[in-house]
Amino acid sequence: MDADIQIQSLLAGAHAEGRSEVRREARVRPSLRISLAQHEGEVREAQRLRYKIFGEEMGARLSTRVPGHDTDLFDPYCDHLLVRDDATDKVVGTYRILSPEAAKRVGSYYSESEFSLTRMQHLRPRMVEIGRSCIHADYRSGAAIALLWSGLGDYMVTRGYNYLIGCASISMADGGHNAANIYQQLTSAQQAPLEYRVFPRYPLPFEHLANGQPALIPPLLKGYLRAGGLVCGEPAWDPDFNTADLLLMLPMERLNARYQRHFIETQAT
C-alpha cells in the first residue's frame, strides 16, 4: 500500500471548506511552514511521524530496521515534504515524493510492488509518484493539508513534471465489499483509457465481493477524482495494511481549476 490513507479525512475537508477555512486555521496556527527535508535527521523526523500514525495508530505491519521509524528501501531516494510547527519545532505532516530520475536509480516505483505499470512506460520521464502521507492528529485541518498540496504543486511546476501517480486505499474492515462496490460503480469518465491501465499483482476478487450497495468513497479517492485523477485499473489487495488499493494518475493538464490553488498558488506568491 502507498500509505495515503491517512490523508483521507483531510483532503476532502480542506477542499470542501475552501480558502476561507485555510485562512481561519492560519490564524489559529500561524507558525506552520513547508519545506523539503535537507538532511537525514529531517528524514528521520518524517519516519518517526509515519511510524506513530501507520504503526501505532493504524496497526499496520511495518518492516523496519530502525525501531520507532517507518522506513523502506525507497526513502533514501525520495524527497520528503515536511510541515513543521515553529512553535514546537516538530514535524507534524509529511509527504514522500519519488521523482522519475530517482525511480530510475532505485529501479522501480513503489507502486510496482502492487501493480504492473508496463503501459505507463512512456510516461516515466515525466511521472512523479507520491505517497506515505500523514499528518499528526492535532493538525488534521485545512492549513496543514493545504501546505502539503502547495508544496507538491511547487515541486511539480518548478521541475516541469506532467503526471502524478499514487495509490488511494480503501479499508477492508468490512471484508472488502465496499472496495468492490467502489470499483464496480466508477463511471467511464473516472477510469483511465486502456493505454494507461495497470494490473494488480494481488488482485482483489471484486466480482465476488461486490454486493450492489451504494459505494462509500473515501475522501482521498473522492478528492483525487474531483481534481481530475483517473483510476488506472482493478484494485490490488494489501494484506499488511488490510486495504484495497487503487492506482490513480493525475495528469497536470486535467487538474480541476477548483483544486489548482492547492497545487500551484505558491507560484504566484
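Above this text sits the structure in question.
The following paragraphs examine the structure supplied in this document. Predicted, not measured: the structure shown is a model, and the values here were computed from it.

### Concerning the packing of aromatic side chains
Phase 1 of the analysis: Considering all chains together, one arrives at four aromatic pairs under this definition.
Phase 2 of the analysis: When the ring of F74 is compared with that of Y110, the centres are 5.7 Å apart and the planes differ by 70°; the resulting orientation is edge-to-face. Remark: Y110 occurs in the loop between α3 (100–106) and β4 (115–116) and F74 occurs in the loop between α2 (40–57) and β2 (79–85); sequence separation between them is 36 residues.
Phase 3 of the analysis: On the numbers, 4.8 Å between centres and 70° between planes, the contact of Y183 with F206 is edge-to-face. Residue Y183 is located in helix α5 (residues 177–184), and its partner F206 is located in helix α6 (residues 206–209); the two are separated by 23 residues in the primary sequence.
Phase 4 of the analysis: The class for F206 is buried, based on a relative accessible area of 8%.

### Some remarks on the pairing of strand β10 (residues 243–251)
Phase 1 of the analysis: The buried fraction of β10 is high, at nine of nine residues.
Phase 2 of the analysis: A two-sided burial pattern is seen for β10, the buried positions comprising T243, D245, L247, M249 and P251 on one face and A244, L246, L248 and L250 on the other.
Phase 3 of the analysis: Here nine bridges tie strand β6 (residues 163–171) to β10, and the two strands are oriented antiparallel to one another. Bridging across to β10, C167 finds its partner in L247.
Phase 4 of the analysis: Of the pairings in the sheet, the one linking strand β8 (residues 230–231) to β10 comprises two bridges and is antiparallel in character. Bridged to L230 within β10 is M249.
Phase 5 of the analysis: Alignment of strand β9 (residues 236–238) against β10, held across three bridges, turns out to be antiparallel. Bridge pairing links A236 to D245 in β10.

Basis of the calculations
Residues numbered from 1 in each chain as written. Predicted model: local features only at pLDDT ≥ 70, side-chain atom pairs only at ≥ 80, totals over all residues. Heavy atoms only, no water. Phe/Tyr/Trp six-rings, centres within 6.5 Å; stacked < 30°, edge-to-face > 60°. Helix = DSSP H or I, 4+ residues; strand = E, 2+ residues; numbered from the N terminus. Buried < 20%, exposed > 50% of the residue type's maximum accessible area, 1.4 Å probe, protein only. Pairing = 2+ DSSP bridges.

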